[in-house]
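Summary of structural features
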Amino acid sequence: MATHRGSCLCGEVVYEIDGPLQHTHHCHCQYCRKSHGTQCATGSLAASAGRRWLRGESSIVRYESSPGFHRWFCVRCGSPLPGDDIGGLLFVPLGNLDGDPGVRPAFHMFAKAKAPWWEIRDALPAFDGFPPGVDASDAPDLESQRISKHHGQHGSDCQYGRELEPAAPQSPAGQMGLSRRVGLAGQGCQVGRADGAR
Ligand SMILES: [Zn+2]
Ligand SMILES: [Zn+2]
């Protein structure tokens with residue numbers, strides 16, 4: 001069984017995902033764009049049961065971006081992390097993963113909600129909302145779960161995020177990740193040197 005290792009920017013939170021990454025996609029909904037700060041969120045779905053926190057679990061904060069659905073972040077550096085379970089699956093931000101996960105995006109979703117400053121120029125299928133077929137209410141896959149929960153609440157975005165929960169206490173650990181990485185690798189862009197990390 002494939003195991004994928006992921007981590008946040010500062011290195012505080014490290015996790016593994018066992019099992020296949022499926023339904024790799026770009027989501028252009030406004031929730032994803034806001035929370036990732038990018039033109040879309042790119043990720044895969046994986047079995048929730050296969051997620052294992054190797055460290056930093058106490059440094060995870062959860063933001064309820066839509067009723068009952070939380071987006072998870074590192075409290076120190078703000079990186080999105082695999083979050084709430086939806087029907088046994090969770091969203092894995094591909095940018096977290098170390099190395100090549102061996103999967104490639106297969107489609108765009110919520111293309112209708114995309115940023116006006118971004119054009120989709122690849123040949124992948126681009127759907128206005130979730131891919132066709134997932135809104136069958138009895139379909140057993142993840143997207144149908146998302147849709148049914150999701151469309152009951154706010155119909156035009158995928159299932160992510162709403163009110164801020166109290167942040168977990170700042171962990172004293174984890175002064176290492178970014179400073180090490182900046183010092184050693186020096187190959188990332190300079191955006192986001194966390195305070196104290198030098
Ligand atoms: Zn972090
Ligand atoms: Zn989305």
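Not measured: the values here are computed from a predicted model.

Taken in spatial order, the four strands make up an open sheet running β9-β4-β3-β10, and their pairing is mixed. If you trace the sheet from one side to the other, it starts and ends with β9 (89-93) and β10 (107-109), each paired once. Pairwise comparison of adjacent strand axes, ignoring direction, gives a mean angle of 40 degrees for this sheet. Here strand β4 (residues 41-47) pairs with β9 via five bridges, running antiparallel. Residue pairing in the sheet places Ser-44 in a bridge with Val-92 of β9.

In this section: the sheet that holds strand β2 (residues 14-18). Strand order in the open sheet made by the three strands is β1-β2-β5, with antiparallel pairing throughout. Of all the strands in the sheet, just β1 (3-7) and β5 (51-55) have a single pairing partner and so form its edges. On average, each strand axis in the sheet is tilted by 25 degrees relative to the strand beside it, whichever way the strands run. Sheet analysis places β2 next to β5, joined by four bridges and oriented antiparallel. Directly across from Ile-17, in β5, lies its bridge partner Arg-51.

Moving on, we come to the environment of Arg-62. Structurally, Arg-62 is set in strand β6 (residues 60-66). By the C-beta count within 10 Å, which is 19 here, Arg-62 ends up partly exposed. When the C-alpha positions of Arg-62 and Asp-84 are compared, they lie 9.0 Å apart, and in sequence the two are 22 residues distant.

What counts as what
- The residue count restarts for each chain, going from 1 along the sequence in the order it is written.
- For naming, the first written chain is A and the first written ligand is 1, with later ones following in the order written.
- Side-chain atom pairs in this predicted model are given and counted only at pLDDT of 80 or more, local residue features only at pLDDT of at least 70, and totals for whole chains, interfaces and linings cover all residues.
- DSSP bridges decide pairing: two strands pair if at least two such bridges lie between them.
- Secondary structure elements follow DSSP: runs of H or I of four or more residues count as helices, runs of E of two or more count as strands, with numbering from the N terminus.
- Only the stretch in contact is used when a helix axis is fitted, and all axes are lines through C-alpha atoms; the angle between N-to-C directions ranges over 0 to 180 degrees.
- Exposure classes come from backbone-placed C-beta atoms, where a residue is buried if 20 or more other C-beta atoms lie within 10 Å of its own, exposed if 12 or fewer do, and partly exposed in between.

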